[in-house]
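# Inside the fold
As a plain string of letters, each chain reads:
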Amino acid sequence: MSAVKMRSGQSQQMNYWMRARVGLQGLTLVALVAGSMALKTERDKAKALEAANTPEVDQELLKQKDKEEFEERLRGAEEAHLQESVLAAKTVLKLVGATRAHGHEEKLVEGLVNRTPSG
């Protein structure tokens, strides 16, 4: 509207519409901030309600389950590492030559199998 007033030479009317635009922009910002605060309050209430409904026992069970799953994955990773180490040792022995390593291959592999994983 202010552009129309500017073209027609009505500067006072143009200033009025410019001020109105700035005022409406301010109201828009106030509405955004108020809506944001209302959503935050609503989320906080929902979190508090959820925390009140979740007993400590359930949280402890979840922690225990997570710990057990982690330990199972860790055991699998250690076993895979051990198998890779044995395979690597066998490959090195093949590359070095069977004549030089005769009798040592079994000791090396046995040592790798019997070693305890570092924790």
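A brief structural summary. (Residues numbered from 1 in each chain as written. Predicted model: local features only at pLDDT ≥ 70, side-chain atom pairs only at ≥ 80, totals over all residues. Heavy atoms only, no water.)

Let us look at the overall build of the protein chain. On a plain count of helices and strands, the protein chain comes out with four helices and zero strands. Along the protein chain, helices (α) and strands (β) appear in the sequence α-α-α-α when read from the amino end. In the protein chain, which comprises 119 residues, the share counted as buried stands at 10%. Carbon together with sulfur atoms contributes 60% to the accessible area of the protein chain, which is approximately 10600 Å² in total. (Helix = DSSP H or I, 4+ residues; strand = E, 2+ residues; numbered from the N terminus. Buried < 20%, exposed > 50% of the residue type's maximum accessible area, 1.4 Å probe, protein only. Areas by Shrake-Rupley, 256 points an atom, 1.4 Å probe, with all protein chains shown as cover.)

Here we take up the pattern of salt bridges. Pairs can form between side chains of opposite charge whenever their charged atoms are close. All chains considered together, the criterion is met by two salt bridges. Between Lys 40 and Asp 44 there is a salt bridge; the shortest N-O distance is 3.2 Å. Taken as a pair, Lys 40 and Asp 44 lie in helix α2 (residues 11–53) at a separation of four residues, close to a single helical turn. Glu 72 is the salt-bridge partner of Arg 75, the closest N and O atoms lying 2.8 Å from each other. A residue pair is termed a helical-turn pair when its members lie 3 or 4 positions apart in one helix, as Arg 75 and Glu 72 do in helix α3 (residues 56–96) at three residues. A relative accessible area of 46% places Arg 75 in the partly exposed class. (Salt bridge = Lys/Arg side-chain N within 4 Å of Asp/Glu carboxyl O.)

Turning to a negative patch on the surface, a few remarks are in order. Negative charge collects at one region of the surface, where Asp 66, Glu 68, Glu 69 and Glu 71 lie side by side. Inspection of the secondary structure puts Glu 68 in helix α3. (Patch = residues over 30% accessible without salt bridge, like charges linked within 9 Å, V, L, I, M, F, W, Y side chains within 5 Å. Lys, Arg positive; Asp, Glu negative; His and termini not counted. Charge placed at Lys NZ, Arg CZ, Asp CG, Glu CD.)

If you walk through the whole model with that rule in mind, you get one aromatic pair. Ring centres 5.3 Å apart and planes at 80 degrees place the aromatic pair Tyr 16 and Trp 17 in the edge-to-face group. (Phe/Tyr/Trp six-rings, centres within 6.5 Å; stacked < 30°, edge-to-face > 60°.)

Let us now look at a nonpolar patch on the surface. Where nonpolar side chains cluster on the molecular surface, the patch consists of Met 1, Val 4, Tyr 16 and Trp 17 and spans about 440 Å² of accessible area. Considering the arrangement of structural elements, one finds Tyr 16 in helix α2.

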